[in-house]
Amino acid sequence: MKQTMQLLISPSLRHVTVLPAKGFKEFIKIKVGSRRLSYLMVFYSLLLFTFLLRFVFVLTAVDTIDGELKCSTLGCLGRKIGPRILGRQLESTVPEVIYQVLEEPSDQIEMEAGPETPQTLEEFMAEMKDTKPDAETFAVKLKAMVTLLEQTTRTAKIQEYLYRHVASSGIPKQLHCLDLKLAHEHSINANARLQLPSAELVPALVDNSYFHFVLASDNILAASVVASSLVQNSFRPAKVVLHIITDSKTFSPMQAWFSLHPLTPAIIEVKALHHFDWLTKGKVPVLEAMEKDQKARSQFRGGSSAIVANTTEKPHIIAAKLQALSPKYNSLMNHIRIYLPELFPSLDKVVFLDDDVVVQTDLSSLWDIDMNGKVNGAVETCRGEDKFVMSKRFKSYLNFSHPMISNNFDPNECAWAYGMNIFDLEAWRETNISQAYQYWLEQNLKSDLSLWQLGTLPPGLIAFHGHVHAIESFWHMLGLGYQDNTSIADAQSAGVIHFNGRAKPWLDISFPQLRPLWTKYVNFSDKFINSCHIRET
């Protein structure tokens, strides 16, 4: 038996009551305290009616959008509200055959990636309007177009990664020119062969009252930017000592550059790896591991051609494998930091800088940080506003499907960054960090490079595990070499900016809006820079 309702509204409009009634007339009856219906009452009644009318209109519009074009206002309202009151949902209007076609593997349906396959959404819509196909044909055509676009996008992405790999792995001719001209200058000009530092400043190299910085690089232009930005932004440049470590082939041009471009009153030391007695005595485990690693990578990866030819792996996996072939990952310059306690036995604390950073503030305050007995002061990379750059955890670098990794580490543990680190060498000498680093390098080789794929950071995360002190993110902004989302204002507000990634600021593939932050420390009127056609833009 149907039951109607009665709506009771008090004269003051403070009370609205809904009661059962016997019929439709009783339902629309409004009882008030007095027999005369005031104008105010009429106004509020019209207001309530207007609200209900708008409510019905919105529901009708929604039904129309859903495809129910032929329905009256009351009909749409009934269909919209009725099933919900009864606890039922409206059935989907999408034919089931469309889901079936789209869910089938691509090789199980006929899809010709040729002239008949629409190349754009506009072409697809035009064809559908002309042919008016059934649902199955519609789904097949749609899937063919989407699959074709996916394949085209994948190919373009892989080509982009390959070109970036080639561009970032080679030495630009301008930098090669700079090396050659400085090497020639070193051979003919005695002023380009000065002892660095001069004899009277040598004691400062082991004096812990100075601020000691270490830079390992075979890139003269990059090293000059790091040194210039460090000294120019120092409050006490006379207390700055920069130890530059390079390889044997770059030593002469590097010495020539800093002999002819002194950064007085700062103290600059230039040494080649073969100048360190410790590295020349006996075997160095990392050097042996590097040789094995290089051979293993060439066999395991099969070279860039084999990587790009893979048709099953996702583009970002191919990009990671290409990056693993980068020469810098087989360079001792990239591993030398693990031997800092042995290379500088007289120093208590140093700041290690990568050659793709720019210093924008005085760094002497780093020596005031209480490390709480930890060895490595670093910026963590799992917290920050930039979710693309600052979202890195151990699982971002290590292979947790391997039991050696999953049994020893937490995948959600926060990662940290190389590039600008303060190392307490006294505390380091009390640990087995260097030995742990060597051990895990060997384990990665034994497991066919399955513990991690590239770089020195993964073994660093493992070796320094439990020995890291997090410092403020102000000190180190990352990601300027692989994404251009960082604004100039944000980058300028950081203490050190890091162009980590392929788009180094000295390469043509660098991001043009970020490059000025680096070029401001290059003197483009210098005769060596100018003669090698190194330009600001």
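How each quantity is defined
- Residues numbered from 1 in each chain as written.
- Predicted model: local features only at pLDDT ≥ 70, side-chain atom pairs only at ≥ 80, totals over all residues.
- Heavy atoms only, no water.
- UniProt positions renumbered as here; feature names shortened; annotations may be inferred.
- Helix = DSSP H or I, 4+ residues; strand = E, 2+ residues; numbered from the N terminus.
- Buried < 20%, exposed > 50% of the residue type's maximum accessible area, 1.4 Å probe, protein only.
- Areas by Shrake-Rupley, 256 points an atom, 1.4 Å probe, with all protein chains shown as cover.
- Salt bridge = Lys/Arg side-chain N within 4 Å of Asp/Glu carboxyl O.
- 1 Å grid on protein atoms, 1.4 Å probe; cavity = no way out; pocket = protein on both sides within 12 Å on 5 of 7 lines; lining within 4 Å.
- Points joined across faces, edges and corners; volume = space filled by probe spheres on them.
- Nonpolar A, V, L, I, M, F, W, Y, C, P; charged D, E, K, R; others polar.
- Polar contact = N/O pair within 3.5 Å; in protein donor to acceptor, adjacent residues only side chain to side chain.
- Contact = heavy atoms within 4.5 Å.
- Core = buried A, V, L, I, M, F, W, Y, C linked by side-chain atoms within 4.5 Å.
- Disulfide = S-S within 2.5 Å.
- Axes fitted to C-alpha atoms, helices over the stretch in contact; angles between N-to-C directions.
- Parallel < 35°, antiparallel > 145°, perpendicular 65-115°, else oblique.
- Left-handed = near helix turned anticlockwise from the far one by under 90°.
- Pairing = 2+ DSSP bridges.

The name that an unreviewed UniProt entry assigns to the protein is Hexosyltransferase, with the source organism given as Nicotiana tabacum. Per UniProt, the protein has the following entry under Pathway (unreviewed entry): "Glycan metabolism; pectin biosynthesis."

1. Things to note about the overall build of the protein
When helices and strands are counted, the protein shows 21 helices and 11 strands. Put simply, the protein has 537 residues, and 45% of those count as buried. Only carbon and sulfur atoms are counted for the fraction: they give 56% of the accessible area of the protein, which is about 29,500 Å².

2. Observations regarding the pattern of salt bridges
Counted according to the given criterion, the structure contains 5 salt bridges. Note that aspartate 247 and lysine 249 form a salt bridge whose closest N and O atoms lie 3.6 Å from each other. Judged by its relative accessible area of 59%, lysine 249 is exposed. Between arginine 383 and glutamate 380 there is a salt bridge; the shortest N-O distance is 2.2 Å. With relative accessibility at 27%, the residue glutamate 380 sits in the partly exposed group.

3. Re empty space enclosed by the protein
Considering all chains together, one arrives at 2 cavities of 30 Å³ or more under this definition. Lining the second largest cavity are Phe211, Phe213, Leu230, Asn233, Ser234, Val240, Val359, Thr361, Asp362, Leu363 and Ser364. In terms of residue class, the lining of the second largest cavity is made up of 6 nonpolar, 4 polar and 1 charged.

4. A few points about the side chain of asparagine 421
On the secondary structure map, asparagine 421 appears in strand β9 (residues 420-424). Here the side chain of asparagine 421 touches glycine 419 through a polar contact of 3.2 Å, landing on its backbone nitrogen. What asparagine 421 contacts, discounting residues up to four positions off in sequence, is Val350, Val351, Phe352, Asn376, Gly377, Ala378 and Trp416.

5. Here's the deal with the nonpolar core
Formed by 71 residues in total, the largest nonpolar core has its most connected members in Leu178, Phe213, Leu221, Phe258, Leu366 and Ile497. With 9 residues, helix α8 (residues 220-232) is the largest single contributor of residues to this core. Apart from the residues within four sequence positions on either side, leucine 178 is in contact with Ile220, Leu221, Phe528, Ile529, Cys532 and Ile534. Core analysis: the second largest hydrophobic core is formed by 42 residues, Leu332, Met333, Trp416 and Ile433 among them.

6. Things to note about the state of the cysteines
The full count for this structure, using the stated rule, is 2 disulfides. The disulfide partner of cysteine 177 is cysteine 532, and the gap between their sulfur atoms is 2.2 Å. Taking the sign of the S-S torsion, -80° for the link of cysteine 177 and cysteine 532, the bridge is left-handed. A residue pair is termed long-range when its members are at least 10 positions apart, and cysteine 177 in helix α7 (residues 173-188) and cysteine 532 in the segment after α21 (527-531) qualify at 355 residues.

7. A closer look at the packing of α8 against helix α9 (residues 248-260)
Across the interface, α8 lies against α9 with an axial gap of 10 Å and an inter-helix angle of 40°. In terms of orientation, α8 lies oblique with respect to α9. Handedness of the crossing formed by α8 with α9: right-handed. Side by side, α8 and α9 meet where Ile220, Ala223, Ser224 and Ala227 of the first sit next to Thr250, Pro253, Met254, Trp257 and Phe258 of the second. Along the lines of polarity and charge, the residues of the contact of α8 with α9 split into 7 nonpolar, 2 polar and no charged.

8. A few points about the sheet that holds strand β4 (residues 240-246)
Strand order in the open sheet formed by 7 strands is β5-β4-β3-β6-β9-β8-β10, with mixed pairing between adjacent strands. The sheet is open, and its two borders are formed by β5 (267-272) and β10 (468-471), each paired with just one other strand. Taken pair by pair, the neighbouring strands of this sheet meet at an average axis angle of 25°, ignoring direction. The pairing of strand β8 (residues 376-379) with β10 spans 4 bridges and is parallel. Following the sheet pairing, glycine 377 is matched in β10 by histidine 469. In the packing of α9 onto the sheet, the strands contacted are β4 and β5, and the crossing angle to β5 comes to about 160°.

9. Regarding the environment of leucine 194
With respect to the secondary-structure elements, leucine 194 resides in the loop between α7 and β3 (211-216). Using a relative accessible area of 38% as the deciding quantity, one classes leucine 194 as partly exposed. Spatially, the C-alpha atoms of leucine 194 and serine 259 are 5.8 Å apart, while their sequence positions differ by 65 residues. Filtering out sequence-adjacent residues up to four positions away, leucine 194 remains in contact with Gln255 and Ser259.

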